[in-house]
Amino acid sequence: MRIRDAHAAISGDKTEHEMPSNSLDIIADDGQRLFGITLNNDSSIRVDFGHVCKHGGAALDDIGCIIPIASNCFTAHRNKLQ
């Protein structure tokens, strides 16, 4: 799997980074996993909601929510810890 920074690509930077494990972690402000994304062999993706973490000034629980936007787009959401 290869990835690139979407904002950098808008600016013309097409640098790609090889991810030999076919997965990546998006890290919260406190260093914990916010989301884990894996590209499966069948080209589907798996999204893991990490553990309780702190990001953007809020404590987030480990329960995720998938919100469909269109047939080709969805939002993965983490809820604030109650």
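Our subject is the structure listed above.
I will try to describe carefully the structure that is included in this document. Computed from a predicted model, the values in this text were never measured in an experiment.

**Quick notes on the overall build of the protein chain**
Here is step 1 of the chain: Tallying secondary structure elements over the protein chain gives one helix and eight strands in all.
Here is step 2 of the chain: The order of α-helices and β-strands along the protein chain, N terminus first, is β-α-β-β-β-β-β-β-β.
Here is step 3 of the chain: Along the longest, intermediate and shortest principal axes, the C-alpha atoms of the protein chain span 40 × 25 × 25 Å.
Here is step 4 of the chain: Split into buried and exposed, the 82 residues of the protein chain put 17% on the buried side.
Here is step 5 of the chain: Sequence separation of at least 24 residues holds for 21% of the intrachain contacts in the protein chain that already meet a minimum separation of 6.
Here is step 6 of the chain: For the protein chain, the accessible area works out to roughly 6000 Å², and carbon and sulfur atoms hold 53% of it.

**A short note on the state of the cysteines**
Here is step 1 of the chain: Under the definition given, this model contains zero disulfides.
Here is step 2 of the chain: Lacking any disulfide linkage, C65 is separated from the closest cysteine sulfur, that of C73, by 14 Å.

**Quick word on the sheet that holds strand 3 (residues 23-27)**
Here is step 1 of the chain: With antiparallel pairing, three strands are arranged side by side in an open sheet as 3-4-5. Strands with a single pairing partner mark the edges of an open sheet, and in this sheet they are strand 3 and strand 5 (45-49). Sheet twist, expressed as the mean angle between neighbouring strand axes with direction ignored, is 15°.
Here is step 2 of the chain: Two strands pair when backbone bridges link them, and strand 3 and strand 4 (residues 33-39) are joined in this way by five bridges, in the antiparallel orientation. Directly across from I26, in strand 4, lies its bridge partner F35.

**Focus: a nonpolar patch on the surface**
Here is step 1 of the chain: A surface patch of nonpolar side chains, amounting to about 280 Å² of accessible area, comprises I45, I66 and F74.
Here is step 2 of the chain: As for its placement among the helices and strands, I66 is situated in strand 7 (residues 58-70).
Here is step 3 of the chain: Accessibility expressed as a relative area gives 46% for I66, which makes it partly exposed.

**Focus: the packing of aromatic side chains**
Here is step 1 of the chain: Evaluated as defined, the whole model comprises one aromatic pair.
Here is step 2 of the chain: Between F35 and F49, the ring centres sit 5.6 Å apart and the planes meet at 65°, which makes this aromatic pair edge-to-face. One end of the pair, F35, is in strand 4; the other, F49, is in strand 5, and 14 residues separate them in sequence.
Here is step 3 of the chain: For F49, a relative accessible area of 22% translates into the label partly exposed.

Definitions and limits used
Residues numbered from 1 in each chain as written. Predicted model: local features only at pLDDT ≥ 70, side-chain atom pairs only at ≥ 80, totals over all residues. Heavy atoms only, no water. Helix = DSSP H or I, 4+ residues; strand = E, 2+ residues; numbered from the N terminus. Buried < 20%, exposed > 50% of the residue type's maximum accessible area, 1.4 Å probe, protein only. Contact = heavy atoms within 4.5 Å. Areas by Shrake-Rupley, 256 points an atom, 1.4 Å probe, with all protein chains shown as cover. Disulfide = S-S within 2.5 Å. Pairing = 2+ DSSP bridges. Axes fitted to C-alpha atoms, helices over the stretch in contact; angles between N-to-C directions. Patch = residues over 30% accessible without salt bridge, like charges linked within 9 Å, V, L, I, M, F, W, Y side chains within 5 Å. Salt bridge = Lys/Arg side-chain N within 4 Å of Asp/Glu carboxyl O. Phe/Tyr/Trp six-rings, centres within 6.5 Å; stacked < 30°, edge-to-face > 60°.

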